[in-house]
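# Examination of the molecular architecture
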Amino acid sequence: MKIVVCYKVVRDSQQIKEAPDGKLIMSEAEEEIGQYDLNAVEAGVCLAAENEGSSVIALTCADASLQNMKMRKGILSRGPAELVTVGGAGLDEADSYVVADALRKAVEKIGDVDLVICGEGSGDMYAQQMGTMLGAMLGMPTVNGVSGIKTDGTSLEVTRELEKTSETLKLSLPAVVSVTSSINTPRIPALREIMQAGKKPVTMYTKTDLGLDAEPSVLTQSILAPEKVARRQEIYTELTEETVDNICRQLLKTI
Amino acid sequence: MSKVKQVLAIASGKQSAAELTAGAALLGEQVSLIYLGKDIAQAAADSVIALDLDNVSITSCVPALLKMIGDLQPDIVLTDCSRDGRYVAAQTAVMFGTAAVTDASTVELCDDGVHTSRLVYGGKGIKKELRSGRAVVCVSSGTFDAATSKPMKAAEIATLPADGRVTLVSRSSSEVQDIDISAAKRIIGVGRGLKEEGNLRYIERLAESLNAEIACTRPVAEEMKWYPRERYIGVSGITVKPEVYIAVGISGQIQHTIGVTGAKTIIAINRDKDAPIFSQCDIGIVGDAVDSLEALLAGLGRVGE
């Protein structure tokens, strides 16, 4: 099987700071592979290991972050044999339609792909749209919320988790699936794998190579920190009986 | 701004059906509802289709579903943020040649199009977006008030043919209780700082004496698995607005606290005096979780009836 796993390099949300004007300071936050994408990579690598003669290709679409060699090694050290990137101005700010279109054309360029695996959602926006959109654009059967995958090489059996039920589904191949974070525990690569990752092949396509011309149709107006709610901040480092009783009286007042 | 002509609501539950049809009535002259299931008799819309999905998954009948959606010629499609809602939104958006906005907490119609806002970067930012043209929006629960003056219409049950590419082999119902914490007046939130599962008994005793619901952080639900996912509060979980929220052993990462910003009073218990939760609470207790809970339980015994 030829398996493509998609991922996105994002800024670590926990390190994003707020400027006095409410804007977000992104530059100090480190880049990382989206945490849910690691589940997609792991799922792809495990599935390939179970099906002899399979190969795994990692695929991403971005602009600035493509220069981050640590991220390249990071993804390749987790098992994929090669990396394909789609790069070009505007792709970092593009809406999910433009990104899905870029991934779709890259998958078509790679050719003869049996299965595309995406994470549940990106680590920054977490809209949980990409896998389904990519499947729709490729004209392939697609399923989201996948918490288990088995294959015999010609079809796929997946478990799809919904809020109150779960479905067992059989999909014809080629197909696109989005996996949940509960499907596996992503591996932590060893130093040797990180060293070897630097030798794996990387193919870099530009927007022109793939004939990308989609324009964003959902326009970002602003991204600002949420307004803070003012709180009393009465802090007690020692609990005297009087303090406790006072807190309890306030608590009981709400009943 | 005048309304658009046709708004289609697609819902996977009765509550979201009520909220989305009410929201649709604010945005459009005509409201249609496609309900993903048979368990609805009527809804406040001009047309109500209830899909019989007993023997198919929504993922098995995409072409027929998209045809049904296309035939209604909606200017705006609203779905809920369920797994099925997001799936249908993505498929519909591709059909319209656009992207869906998900997790929208505001949806407003202006002269230049549909304006939405949503949380991004794990709650660190609010992203405002504009879509001119046919819009697809996955709406967060609680965004629209379910009350509407539109008369009820009986549901027509429809079946969709499977496309043969995705086949439903079986469906199991997991043991999920119907939990609605969002309506609770008092909520106790459990964080990793509680240390041991055995300590939950103090939480349960406090919940009982305050008639409170128990909620938790994402790691407590997903990593420690002390409580089901339906009980975790935060950017990818639920949002609550109780009278009082008691955060026990919760450090106060924005991913969690963004879900309780609407609480009237926040009481925090944490061992670490520098924990960010203390800058976001009304009353803070710096100390061991179990000791503090025992002190509160004793205090409630003294001051209570």
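You'll find the structure just up there.
Calculation criteria
Residues numbered from 1 in each chain as written. Chains lettered and ligands numbered in written order. Predicted model: local features only at pLDDT ≥ 70, side-chain atom pairs only at ≥ 80, totals over all residues. Heavy atoms only, no water. Helix = DSSP H or I, 4+ residues; strand = E, 2+ residues; numbered from the N terminus. Buried < 20%, exposed > 50% of the residue type's maximum accessible area, 1.4 Å probe, protein only. Contact = heavy atoms within 4.5 Å. Phe/Tyr/Trp six-rings, centres within 6.5 Å; stacked < 30°, edge-to-face > 60°. Lys NZ or Arg CZ within 6 Å of the ring centre and 35° of its normal. Expected span 1.5 Å × (residues − 1). Pairing = 2+ DSSP bridges. Axes fitted to C-alpha atoms, helices over the stretch in contact; angles between N-to-C directions. Parallel < 35°, antiparallel > 145°, perpendicular 65-115°, else oblique. Nonpolar A, V, L, I, M, F, W, Y, C, P; charged D, E, K, R; others polar. Salt bridge = Lys/Arg side-chain N within 4 Å of Asp/Glu carboxyl O. Buried area = accessible area lost by both parts, 1.4 Å probe. Polar contact = N/O pair within 3.5 Å; in protein donor to acceptor, adjacent residues only side chain to side chain.

### Concerning the overall build of chain B
When you go through chain B residue by residue, the secondary structure sums to 7 helices and 18 strands. Along the longest, intermediate and shortest principal axes, the C-alpha atoms of chain B span 65 × 45 × 35 Å. For chain B, buried positions account for 58% of its 305 residues. For chain B, the proportion of contacts with a sequence separation of at least 24, taken over those separated by at least 6, is 60%.

### Section: the packing of aromatic side chains
Inspection of the entire model under this criterion finds 1 aromatic pair over all chains. Lying over the aromatic face of Tyr87(B), Arg160(A) brings its terminal NZ or CZ to 5.5 Å of the ring centre.

### Quick look at helix H3 (residues 83-96) of chain B
Residues and elements named next belong to chain B. With 14 residues, H3 extends 20 Å from end C-alpha to end C-alpha; this agrees with the ideal 20 Å at 1.5 Å per step. Buried residues dominate H3, accounting for 13 of its 14 residues. Phi turns positive, to about 70 degrees, at Gly97, one or two residues after H3.

### Thoughts on the environment of Val158(A)
Residues and elements named next belong to chain A. Note on placement: Val158 falls in strand S10 (residues 155-161). Spatially, the C-alpha atoms of Val158 and Gln129 are 19 Å apart, while their sequence positions differ by 29 residues. Here Val158 is in contact with Val143, Val146, Gly148, Ile149, Glu167, Thr168, Leu169, Leu171 and Val177, once residues within four sequence places are set aside.

### As for the sheet that holds strand S12 (residues 156-158) of chain B
Residue and element names in this part refer to chain B. Spatial strand order, S6-S10-S5-S1-S2-S4-S12: 7 strands in an open sheet with parallel pairing. At either end of the open sheet lies a strand with only one pairing partner, and these are strand S6 (101-104) and S12. If you compare each strand with its neighbour and ignore which way they point, the axes differ by 25 degrees on average. Looking at chain direction, strand S1 (residues 4-11) and strand S5 (residues 76-80) are connected through 4 bridges and run parallel. Paired with Ile10 across the two strands is Thr79, which belongs to S5. The strands that helix H1 (residues 14-27) touches are S1, strand S2 (28-35), S5 and strand S10 (135-139); relative to S2, the one it contacts most, it runs at about 160 degrees.

### Details of the sheet that holds strand S15 (residues 234-236) of chain A
If you trace the 6 strands from one edge of the open sheet to the other, you get S15(A)-S18(B)-S17(B)-S16(B)-S14(B)-S15(B), paired in parallel fashion. Both edges of this open sheet fall to S15 of chain A together with strand S15 (213-216) of chain B, since each of them pairs with a single strand only. Across the sheet, the mean angle from the axis of one strand to that of its neighbour is 15 degrees, orientation sign disregarded. Across 4 bridges, the pairing between strand S17 (residues 265-270) of chain B and strand S18 (residues 283-286) of chain B is parallel. Looking at S18(B), one finds that Ala268(B) is bridged to Gly284(B).

### Observations regarding the packing of helix H7 (residues 241-253) of chain A against helix H7 (residues 289-303) of chain B
Between two packed helices, the angle of one axis relative to the other and the distance separating the axes together describe the packing. At a minimum axis distance of 8 Å, the contact between H7(A) and H7(B) shows a crossing angle of 70 degrees. When the axes of H7(A) and H7(B) are compared, the pair comes out roughly perpendicular. Contacts from Glu241(A), Val244(A), Asp245(A), Ile247(A), Cys248(A), Arg249(A) and Leu252(A) in H7(A) reach Ala295(B), Leu296(B), Gly299(B), Leu300(B), Arg302(B) and Val303(B) in H7(B). For the contact of H7(A) with H7(B), the residue count by class is 8 nonpolar, 1 polar and 4 charged.

### Comments concerning the pattern of salt bridges
Applying the stated rule across the entire model yields 29 salt bridges over all chains. Arg302(B) is the partner of Glu241(A) in a salt bridge, and the nearest nitrogen-oxygen pair spans 3.9 Å. Note that Glu241(A) is positioned in helix H7 and Arg302(B) in helix H7, a pairing that runs across two chains. For Arg86(B), the salt bridge is made with Asp103(B), and the minimal N-O distance between the two is 2.8 Å. Of this pair, Arg86(B) sits in helix H3 while Asp103(B) sits in strand S6, and the two are 17 residues apart along the sequence. Each of Arg160(A), Glu167(A), Asp84(B) and Arg171(B) takes part in salt bridges that share partners, so that together they form one network.

### Considering the interface of chain A and chain B
With 73 residues of chain A in contact, the opposing surface of chain B contributes 84 residues. Counting the surface lost from both chain A and chain B, the interface buries some 6800 Å², and carbon and sulfur atoms represent 56% of this. On the surface where chain A and chain B come into contact, there are 6 salt bridges. The partner of Glu120(A) in a salt bridge is Arg83(B), and the shortest N-O contact between them spans 2.4 Å. Linking chain A with chain B are 41 residue pairs in polar contact (both at pLDDT 80 or more). For the side of chain A that touches chain B, the secondary structure elements donating two or more residues are helix H3 (96-110), helix H4 (130-138), strand S9 (142-151), S10, strand S11 (165-172), strand S14 (218-224), S15 and H7 of chain A. With 9 residues, the single largest contributor to the side of chain A that touches chain B is H7(A). Considering only residue class, the side of chain A that touches chain B consists of 33 nonpolar, 25 polar and 15 charged. For S15(A) and S18(B), the ladder comprises 3 bridges, and the chain directions are parallel. Note on S18(B): the bridge partner recorded for Glu234(A) is Ile283(B).

### Details of the side chain of Ser65(A)
Residues and elements named next belong to chain A. Inspection of the secondary structure assignment puts Ser65 in the loop between strand S6 (55-62) and helix H2 (69-76). For Ser65, a relative accessible area of 10% gives the class buried. Excluding its chain neighbours within four sequence positions, the residues that come into contact with Ser65 are Val9, Glu31 and Asp92.

The quantities given are spatial measurements derived from coordinates; they are silent on function.
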